[in-house]
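Structural overview
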Amino acid sequence: MDIYLVGGAVRDTLLGRPVSERDWVVVGADPATLSALGYRQVGKDFPVFLHPQTHEEYALARTERKVAPGYHGFVTHHAPEVTLEQDLARRDLTINAMAQAADGTLVDPYGGQRDLKARLLRHVSPAFSEDPLRLLRVARFAARYAPLGFTVATETRRLMRDMVTAGEAASLVAERIWQETVRALAEPSPRTYFEVLRDCGALTVLLPELEMSEQRLRGLDAAAAIAASTRVRFAVLLRELGTDLTPLEKPPLPIANEAYGVAVVHAVCDRWRVPTDFRELAELVCREHLRVHHALELPPATVLELLETCDAFRRRERFAELLEACEAGHPEQLGLETLPYPQSTLLTAAFAAAAAVQLTATDRTGLAGPAIGLLLRERRLAALTRWRPTFT
Ligand code: CTP
């Protein structure tokens, strides 16, 4: 029995990047041998074992054959005779299809090192197209490694286009799309993820609303530049999507335009079953970004109303994320990430002034619930007015 380190750990070590997770392949063994050694079987579809001490994943070398559409339609075959080269051949990209033996020897039958040097994401074999998830994976790897100069190889781009033409993108299920997308949003160049998907035609199927929106992609760059959270990046991506329609397609009123934007947020979040916190922030940004952007001109009462609508007093972190998304996503900011955004500074200070207001026990004497709320509001407004009397 031989054990090899495989996949991402080998790739990232060669790139000089930190390794987050190590996967192993076992050649020349069967499940009984590993169980007898204390490994615990966890794989349902194929035999994956957890090491008794490290709990890292050890998979028996296997081959795969596609027998039905979708990414569950695989028959896997594992046996002590399956070679390391056969196991590596079923993998997605050449840079992911390398293995390292215990003595450090690199096994690289498909040119992984060559492609690492050439900065190319290239598929290992035509079997790549049997797994539609790989459309998203390649786009995600491109988003991660673009700053290192990686691009998708021409023949892989062609193969991905053929897959989309054959309807493969349509077979991706919501959970997997979201899983890959949220991981891509966390990468250093999230816009590259959407560009790769646009290039192969998958964006038309997955997120047609984004297709024409160069501005949203630049907003993503700005969000990545200020190291915003994935929630903020998602909100920046969806902000005003679809509102840059042709005049004929545009709803006649500004308010309808905003409502249109919110409807797009709902549609995308329903389509991908996006978690509530992402959805809520995206919707809030869509509704409020214009008021945030005009913060310098708002009278104190409107600032207070904005803080209340955003539920800022109870959800201060979300309010901070709203400001970040407005900063990263505003057209005037795009490409000018280092420009100060005074709107954010002003609203943060306004929030602090209003949030500092406290009612004493004496203030509350003789007042019932709603009256206490009204008094608090009045004091907050007074505090905002005092704090910035030059509000017009
Ligand atoms: N793999 C594949 N096709 C997939 C999923 C995985 O070929 N649809 C292979 C690749 O060889 C990959 C390995 O399985 O390197 C491990 O997969 P995973 O842990 O998802 O990816 P990593 O390459 O380790 O990348 P990450 O750094 O994102 O974890």
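The structure contained in this document is the topic of the report that follows. (Residues numbered from 1 in each chain as written. Predicted model: local features only at pLDDT ≥ 70, side-chain atom pairs only at ≥ 80, totals over all residues. Heavy atoms only, no water.)

Some details on the overall build of the chain
Worth spelling out the cut-off: In this text, helices come from DSSP runs of H or I with a minimum length of four residues, and strands from runs of E with a minimum of two, each type numbered from the N-terminal end. The classification of residues rests on relative accessible area computed with a 1.4 Å probe and restricted to protein chains. Under 20% of the type maximum is buried, over 50% is exposed, and intermediate values are partly exposed. A contact between two residues is defined here by any heavy atoms of the two lying within 4.5 Å. Computed with the Shrake-Rupley method and a 1.4 Å probe, the accessible areas treat only the protein chains shown as cover for residues.
Per the secondary structure count, the chain includes 18 helices and eleven strands. Considering the chain as a whole, with its 392 residues, one finds that 47% of them fall into the buried category. Across the chain, the fraction of contacts at a sequence separation of at least 24, relative to all contacts at a separation of at least 6, is 65%. Put simply, the chain shows about 18,500 Å² of open surface, and 55% of that area lies on carbon and sulfur atoms.

Looking at the nonpolar core
Under the convention used in this document: Buried Ala, Val, Leu, Ile, Met, Phe, Trp, Tyr and Cys residues form a nonpolar core when they are joined through side-chain atoms within 4.5 Å.
Core analysis: the largest hydrophobic core is formed by 98 residues, its most contacted members being F194 and F234. Counting residues per element, this core draws most heavily on helix 5 (residues 133-145), at nine residues. In this structure, F234 is in contact with W178, L185, C269, W272, V274, F278 and A282, ignoring residues within four places of it in sequence. By size, the runner-up hydrophobic cluster in this structure holds 14 residues, among which are Y4, V25, V27 and A99.

Observations concerning the layout of surface pockets
As a reminder, the rule being used: Space inside and on the surface of the protein is sampled on a 1 Å grid over the protein atoms alone, with a cavity defined as a set of points where a 1.4 Å probe fits but cannot get out and a pocket as an open set with protein on both sides within 12 Å along at least 5 of 7 lines; lining residues have an atom within 4 Å of a point. Grid points are joined across faces, edges and corners, and a volume is the space filled by probe spheres set on the points.
Estimates place the volume of the largest pocket at around 1,600 Å³. Every residue lining the largest pocket is counted, 43 residues in all, and those nearest its centre are D23, F46, R62, R91 and R137. Ranked by the residues each element gives to the lining of the largest pocket, the list is headed by helix 5, at six residues.

Thoughts on the packing of aromatic side chains
Test applied: Note on aromatic pairs: the rings of Phe, Tyr and Trp (six-membered ring only in Trp) are paired at centre separations within 6.5 Å, and the planes decide the class, stacked below 30 degrees, edge-to-face beyond 60, tilted for the rest. A ring has a charge above it when a Lys NZ or an Arg CZ is no more than 6 Å from the ring centre and no more than 35 degrees off the ring normal.
Under the criterion given, the structure shown has ten aromatic pairs. Summarising the aromatic geometry, the rings of Y39 and Y58 are spaced 5.2 Å apart at their centres and angled 70 degrees between planes, so their arrangement reads as edge-to-face. Of this pair, Y39 sits in the loop between helix 2 (31-36) and strand 3 (40-41) while Y58 sits in strand 5 (residues 57-60), placing them 19 residues apart in sequence. Of the two residues examined, Y39 and Y58, each falls in the buried class. Ring geometry for F234 and F278: centres 6.0 Å apart, planes at 70 degrees, overall edge-to-face. One end of the pair, F234, is in helix 11 (residues 230-238); the other, F278, is in helix 13 (residues 276-293), and 44 residues separate them in sequence. Each member of the pair, F234 as well as F278, is classed as buried. One aromatic cluster is present, built from ring pairs that chain together W24, Y39 and Y58. It is R140 that lies over the ring of F141; its NZ or CZ is 5.1 Å from the centre. A cation over an aromatic ring shows up here: R380 above the ring of F313, its NZ or CZ 3.6 Å from the ring centre.

Thoughts on the site of the ligand
Heads up, the condition is: If even one non-hydrogen atom of a residue comes within 4 Å of a molecule or strand, that residue is called near it. Here a polar contact is taken to be a pair of N or O atoms separated by no more than 3.5 Å, where protein atoms must pair a possible hydrogen donor with a possible acceptor and residues adjacent in sequence count only if both atoms sit in side chains. The residue classification treats Ala, Val, Leu, Ile, Met, Phe, Trp, Tyr, Cys and Pro as nonpolar and Asp, Glu, Lys and Arg as charged. All others, Gly included, are polar.
Taken together, 15 residues lie around the ligand, and R11, D92, D131, R137 and R144 are the ones closest in. Between the ligand and the protein, one listed contact pairs an oxygen atom with a side-chain N or O atom of R137 at 2.9 Å. R140 has a polar side-chain atom sitting 3.1 Å from an oxygen atom of the ligand. For the ligand, the accessible surface in isolation is 570 Å², of which the surrounding protein chains cover 80%. Those elements giving two or more residues to the shell around the ligand turn out to be helix 1 (8-14) and helix 5. The element contributing the most residues to the shell around the ligand is helix 5, with five residues. Its residues assigned to classes, the shell around the ligand comprises one nonpolar, three polar and eleven charged.

A look at the environment of E283
Summarising the element assignment, E283 is placed in helix 13. Taking the C-alpha atoms as reference, E283 lies 8.9 Å from A263; in sequence the two are 20 residues apart. At a separation of 2.8 Å, a polar atom in the side chain of E283 contacts the side chain of H266.

Quick word on the sheet that holds strand 3
Stated formally: Should DSSP find at least two bridges between two strands, the strands are taken to pair.
Spatial ordering of the open sheet is given by 3-4-5-2-1-8-9, a layout of seven strands whose pairing is mixed. The open sheet is flanked by strand 3 and strand 9 (106-107), the only strands paired with a single partner.

With respect to the side chain of R144
Its location among the elements puts R144 in helix 5. Given a relative accessible area of 13%, R144 falls into the buried group. In this structure the side chain of R144 is engaged in a polar contact, spanning 3.2 Å, whose partner is the side chain of Y145.

As for unusual backbone geometry
Phi is positive for H55, which is not a glycine, with a value near 60 degrees. With respect to the secondary-structure elements, H55 resides in the loop between strand 4 (48-50) and strand 5. We note that D311 has phi near 55 degrees; this positive angle belongs to a residue other than glycine. For D311, the location among the structural elements is in the loop between helix 14 (300-309) and helix 15 (316-329). Overall, the relative accessible area of 22% leaves D311 in the partly exposed class.

All quantities given are derived from atomic positions and should not be read as evidence of function.
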